[in-house]
Every structure is written in C-alpha cells, then in structure tokens.
Amino acid sequence: MTDVSAPTSAPQALLEGRAIACRRGRRLLFEGLDIRLEAGSLTWLRGTNGSGKTSLMRILAGLSAPAAGTVVCNGTPLAEARREAHAAIVYIGHANALKDDLTLGEALGFLARLAGLDQISERAAAALDRVGLANRRNAAVRTLSQGQRRRGALARLALDERARSWILDEPYDSLDTDSTRLLSSLIVEQAARGGAVLLTSHQSVQLPGLREYDLMAQGVRG
C-alpha cells in the first residue's frame, strides 16, 4: 500500500481532498484524510458501512462542508470556485435527481443547463439514445421504472465529453447486465479522455486500471 500523497512529478490532479475531517453529529468519522483524483484515474472508494464513504463524496463534490481541511478542484480551492465546479464535477448519488413532473428529456436538459452546456435538446436526445431510453424521452419521470430512472440519471454521464471528475455513489445499483456493461464503458471512456472517476459499489467492480482507496487505512492500492 502506498500513501495517496503524490510527488510533484505525478499526473495532474483534477480533484483533491487535503487533511479532510468529517463529523456526523458528535462522532468523528475521519480526520487528516488526503485523497487525490488524477487525470485518467479510476478509484474505488472502499470502507465499511457507516465509515463515511458517502460523506466524503459529498464533501469532494462541494455538497457538504468538511469539519476541517480543503477540497481543491483543478488547482483552486473549491470554496472559491463553486461556479466553475458545476462544470468540473459530476456527482450522482443514491437519489436520481430527476424531477418527477418533467419528461425524461426535460429533466436531463435541466441538468445539462446546470452544467453550462449548449445544444441542450440535441445533447439530451443523444445521451438518452446512448443509455437505451430514446423511446422514453417524452415520458414523465414518475412513470418510469426504478431501473429506467437510474439509467436516466446515468445518461447525465453521456451529455458531453469534457474531462471532468465524476463522483458516483453506488452507480451500479438497480442496473441489469446490459446497463452495467454500458456504465462500465462510460467510465472507461471518461478515464481515457483524461477525466477522473471516484465510485463506491457493493458489487464487484472490474475496470482496467482500477485502484482502491481504503477509507479506513486512508491509502491507495493498485
């Protein structure tokens, strides 16, 4: 096991957590945590239930504040670059973040606008086609099955080809075999274009170049 801290010759870091501490109520989940997501890297965040995996991911995505430490996005502290972070970081958690009252195409278009993209309708149509939901584009989100909602949320990953940081909390949940294979392809493509992916999964994950970050030991393997 090697320490996650990298020498100056290491690949560019797209997202870093430096000396991060996290509390849940009175309980200290972790402290002094360093994690570095480099361009082209795939990282599986491991840890026992309740160890703080989701909390760490939300901190890295700028959705929660750490009790101590700093998150740095593309060389700038996240607290100073929140607007830019919307374009640099994609977070998909347990909730699918699709509005029930919108059609699937509208919901995905809304997420594209938040990311600062253009050609919204065309991008949403292409992304839904990629995940096999082109025929459900005009269906209200509330009418979709849980598996379709999950694929609709993951279509966000196919909206554009920027080398961004993806933070994916249990992305393989509710996916069938074909959808699992598609998600893995999207993740590998993101790393190949110079992006970085941090994910959790209760399922076995087989991805080329995948390394593991042990939250309890605070170090990288692989």
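Our subject is the structure listed above.
The structure displayed is predicted, hence computed values, not measured ones.

## Section: empty space enclosed by the protein
Reasoning step 1: This structure, assessed with the given rule, holds 2 cavities of 30 Å³ or more.
Reasoning step 2: In this structure, the largest cavity spans a volume of roughly 40 Å³.
Reasoning step 3: As for the largest cavity, its lining consists of Val131, Arg151, Leu154, Leu175, Ser179, Leu182, Leu183 and Leu186.
Reasoning step 4: Those elements that provide at least two residues to the lining of the largest cavity are helix H5 (146-154) and helix H6 (177-192).

## Let's talk about unusual backbone geometry
Reasoning step 1: Phi at Gln119 is positive, roughly 45°, even though this residue is not glycine.
Reasoning step 2: Mapped onto the secondary structure, Gln119 falls in the loop between helix H3 (104-114) and helix H4 (120-130).
Reasoning step 3: Although it is not a glycine, Ser174 sits at a positive phi angle of roughly 65°.
Reasoning step 4: In this structure, Ser174 sits in the loop between strand S7 (165-169) and H6.

## Here's the deal with the layout of surface pockets
The gaps left among the atoms become clear once a water-sized probe is rolled over them.
Reasoning step 1: What the second largest pocket holds in volume is close to 170 Å³.
Reasoning step 2: As for the second largest pocket, its lining consists of 13 residues, of which Arg130, Ala158, Leu159, Asp160 and Glu161 are closest to the centre.
Reasoning step 3: Elements with a contribution of two residues or more to the lining of the second largest pocket: H4 and H6.
Reasoning step 4: For the lining of the second largest pocket, the leading source of residues is H4, giving 4 residues.
Reasoning step 5: Grouping the amino acids of the lining of the second largest pocket by side-chain chemistry returns 7 nonpolar, no polar and 6 charged.

## Here we look at the pattern of salt bridges
Reasoning step 1: Taken as a whole and judged by the stated rule, the model has 11 salt bridges.
Reasoning step 2: A salt bridge links Asp100 to Arg149; its shortest N-O distance comes to 3.2 Å. One end of the pair, Asp100, is in the loop between strand S6 (89-92) and H3; the other, Arg149, is in helix H5, with 49 residues separating them in the sequence.
Reasoning step 3: A relative accessible area of 36% places Asp100 in the partly exposed class.

## Description of the sheet that holds strand S1 (residues 13-24)
Reasoning step 1: Across the sheet, 4 strands lie side by side as S2-S1-S4-S5; this open sheet has antiparallel pairing. Each of the sheet's edge strands pairs with one partner strand only, and the pair in question is strand S2 (27-38) and strand S5 (76-77).
Reasoning step 2: Where S1 and strand S4 (residues 68-73) come together, 5 bridges link them in antiparallel fashion. Looking at S4, one finds that Gly17 is bridged to Val71.
Reasoning step 3: Against the sheet, helix H1 (residues 53-60) engages S1, S2 and S4, with an angle of about 130° to S1.

## So, the environment of Ala95
Reasoning step 1: Within the secondary structure, Ala95 sits in the loop between S6 and H3.
Reasoning step 2: Under the relative-accessibility criterion, Ala95 is labelled exposed at 60%.
Reasoning step 3: Between the C-alpha atom of Ala95 and that of Gln203, which follows or precedes it by 108 residues, the distance is 18 Å.

## Overview of H4
Reasoning step 1: Among the residues making up H4, those that are buried are Ile120, Ala124, Ala127 and Leu128. Seen from one end, H4 has its buried residues packed into an arc of 95°, which puts them on one side. Among the exposed residues of H4, those pointing more than 90 degrees away from its buried face are Glu122 and Asp129.
Reasoning step 2: Each element contacted by the buried residues of H4 is listed here: H3.

What counts as what
- Residues numbered from 1 in each chain as written.
- Predicted model: local features only at pLDDT ≥ 70, side-chain atom pairs only at ≥ 80, totals over all residues.
- Heavy atoms only, no water.
- 1 Å grid on protein atoms, 1.4 Å probe; cavity = no way out; pocket = protein on both sides within 12 Å on 5 of 7 lines; lining within 4 Å.
- Points joined across faces, edges and corners; volume = space filled by probe spheres on them.
- Helix = DSSP H or I, 4+ residues; strand = E, 2+ residues; numbered from the N terminus.
- Nonpolar A, V, L, I, M, F, W, Y, C, P; charged D, E, K, R; others polar.
- Salt bridge = Lys/Arg side-chain N within 4 Å of Asp/Glu carboxyl O.
- Buried < 20%, exposed > 50% of the residue type's maximum accessible area, 1.4 Å probe, protein only.
- Pairing = 2+ DSSP bridges.
- Contact = heavy atoms within 4.5 Å.
- Axes fitted to C-alpha atoms, helices over the stretch in contact; angles between N-to-C directions.
- Arc of directions from axis to C-beta.

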